Amino acid sequence: MDIKKYLPYITLAVLVLFPIVVKNDYYTHLMILVLMWVVIGSAWNLIAGYTGQVSFGDAAFFGTGAYTAGLMVTKLGWSPWWGLLFGGFMAVLIAMPFGWICFRLRGAYFALATLALNEIMRHIATIWESLTDGMVGILIMQDFVSKLPYYYIALALAVTTIVVIKIVMGSKWGYYFLSIREDQDAAESLGIDTHHYKMWSLAIAAWLTGVAGALYMNYMGFIDPHVVFSLHDISIMAILVGIVGGVGTHYGPAVGAFVMVAVQELFRTGGFGIVMKLAKASESEFIIDMAQVITKAHVMGFGILVVLSILYLPNGFVGDWDKILRFLRLKRPNNMDNNDIDNIGEAKP
Amino acid sequence: MSLLRIDNVTKSFGGLTAVSNVSFEVEKGEIVGLIGPNGAGKTTLFNVINGFYKPTRGSIIFKNENVSGKKTHKLCKRGMARTFQVVKPLQRLSVLDNVIASAYVRENTHKKAQKVAMEVLEFTNLAGDAHVISKGLPLGKRKRLEIARALATKPDLLLLDESFAGLNPSELNESIEIVRKIKEDGITILIIEHHMKIIMSISDRVVVLSYGEKIAHGTPTEIGTDSTVIEAYLGVAHEGGAHA
């Protein structure tokens, strides 16, 4: 089947045409978020999925990028768009010393260190009021009223991310990242400076995440420490995007971003208002109360989705695609399917 | 001048001395066997030699340079490669990709790395399995893949940690043949092995460890008749016999 080969191009064409055809600000807004999450999720996938260094602290880089863009306006009087350049750069500046120290840790211990970095950055942004205005946050004027420019910038960024990661993973670095993920000791004994290459992987991931943060500042016009350094809205969401889409698969995070933003929105709006309407139609006080609780519990919905995903689709939507097709009886079971699962993360250029 | 010199190496973990005052040399082009009962400190000594552990005392001299405490990946670039007793292939990658990953140490382009990898796979009789995912390989082939990955780094010294354990007779013959061919290519080999018949037939010299100490050192025939070695493996014979 050649359709798999052309699918990325077809998707790209659809995405390019999307805002022109749909012409709906709300859906365009959602798609901008999806594209932003494609960037963050793919970056997380590079360091965690391909290099095996699970990060719980992507918000540290995201927030750094967002604050860099914001501070360029409030402190330097520059355009926030410079943030797209310097935001990624600042995130790398944070990531490098952190990686140099913390890549001595392995597995869960490294993950805990990233969690600490997340919290440290949030506290710095909160406490250093002379620079960041603390909890007041930063408010800037957006450059465009229309959502279209933001949409196409986000799309360009998402495409760049996917292409950059594709190139990296097809190169010597890609082989080294995967070697480190599979077995650090074996990688060392085969001449790979694991510390060095983990730093490179983190640097690329931090750069991409920082740029996404800068885009967020430009697009939303307002940030505060609790929004951009948020553990559950940014760091955990990045992990969910990766897990639901497929850890260590190339297009997994892109699919994951779409699914997660859709799920988030579905819960947040209570099935786009349907739940509330039905509840009100029942005219029962109790049911209305329950509906209100449900619409507010979207974080719990996330949790349930992750549990289901890990139970039934441990390799995510992309990694377990054949399993989904089989479940829907669209594809006859065959013996080759086992290999499809094993193919994840294969570094074929 | 010897390629590798182990000079009074001691490695202790807290109060436990795993390797104690071991010295021996490995000359260029020979196969040296390292044997000893379980827990004698053979693998620990390997880990000290290839830089996973820093020796508590003593030094490792490789190519006339003191390398004790040097990072493993730097030693690999200097020409020392190893295999693991518990095989550690890059499980989710194909056999070819496994070998390409290690060939990149000396080659810079994908094309060259792939060429080296294919040569090594031919050499180790794995070319037919090049595109198999390494997780699915049987043990015998996985052990050979370990050797292939080490060879792709173009080493001068190859440390083999029980590359023959758990193989069936035909796989054994294949692996022994490969080790012999490696020696013919001028690569020096230090090998840990429990299979006495093999170690005695392929080694030029044998070093015996017991409880972390070197108890004997010599040609296979000398070792085979050494009473301390027999004692270490079989225990002390009772005086007057053990007839009941």
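A brief report on the enclosed structure follows.

Cut-offs used in this document
- Residues numbered from 1 in each chain as written.
- Chains lettered and ligands numbered in written order.
- Predicted model: local features only at pLDDT ≥ 70, side-chain atom pairs only at ≥ 80, totals over all residues.
- Heavy atoms only, no water.
- Pairing = 2+ DSSP bridges.
- Helix = DSSP H or I, 4+ residues; strand = E, 2+ residues; numbered from the N terminus.
- Axes fitted to C-alpha atoms, helices over the stretch in contact; angles between N-to-C directions.
- Contact = heavy atoms within 4.5 Å.
- Left-handed = near helix turned anticlockwise from the far one by under 90°.
- Nonpolar A, V, L, I, M, F, W, Y, C, P; charged D, E, K, R; others polar.
- Buried area = accessible area lost by both parts, 1.4 Å probe.
- Salt bridge = Lys/Arg side-chain N within 4 Å of Asp/Glu carboxyl O.
- Polar contact = N/O pair within 3.5 Å; in protein donor to acceptor, adjacent residues only side chain to side chain.

### With respect to the sheet that holds strand E10 (residues 213–218) of chain B
Sheet strands pair via backbone hydrogen bonds, and the direction of the pair is either parallel or antiparallel. Residues and elements named next belong to chain B. Ordered by their spatial adjacency, six strands build an open sheet running E6-E7-E8-E3-E9-E10, and the pairing between neighbours is mixed. With one partner strand each, in any of the chains shown, strand E6 (80–82) and E10 form the two edges of the open sheet. Across the sheet, the mean angle from the axis of one strand to that of its neighbour is 15 degrees, orientation sign disregarded. As judged from the four bridges shared by strand E3 (residues 31–35) and strand E9 (residues 205–210), these two strands associate in the parallel manner. Residue pairing for E9: Ile 35 is matched across the bridge by Val 208. Strands in contact with helix H9 (residues 227–234) are E3, E9 and E10; relative to E10, the strand with the most contacts, it is inclined by about 130 degrees.

### Focus: the packing of helix H4 (residues 83–102) of chain A against helix H10 (residues 194–220) of chain A
Residues and elements named next belong to chain A. Between H4 and H10, whose axes approach to 7 Å, the crossing angle comes to 145 degrees. Note on packing geometry: the crossing formed by H4 with H10 is right-handed. Together, Gly 83, Leu 84, Gly 87, Gly 88, Phe 89, Ala 91, Val 92, Ala 95, Met 96, Phe 98, Gly 99 and Trp 100 of H4 and His 195, Met 199, Leu 202, Ala 203, Ala 206, Trp 207, Gly 210, Val 211, Ala 214 and Leu 215 of H10 make up the contact between the two elements. When grouped by side-chain class, the residues that make up the contact of H4 with H10 number 16 nonpolar, six polar and no charged.

### Side note on the interface of chain B and chain A
Each partner contributes residues to the interface: chain B has 28 residues there, and chain A has 25 residues. Interface area lost by chain B to chain A is led by His73(B), Arg92(B) and Tyr104(B), which between them contribute 26%. Where chain B touches chain A, the interface holds one salt bridge. One salt bridge connects Glu182(A) with Arg92(B), and the closest N-O pair in it is separated by 3.1 Å. Counting across the interface, chain B meets chain A through six residue pairs in polar contact (both at pLDDT 80 or more). Of all the elements in the fold, those that place two or more residues in the side of chain B that touches chain A are helix H2 (72–77), helix H3 (95–103) and helix H5 (139–152) of chain B. The residue makeup of the side of chain B that touches chain A, split by class, is eleven nonpolar, ten polar and seven charged.

These figures come from the coordinates and say nothing about function on their own.
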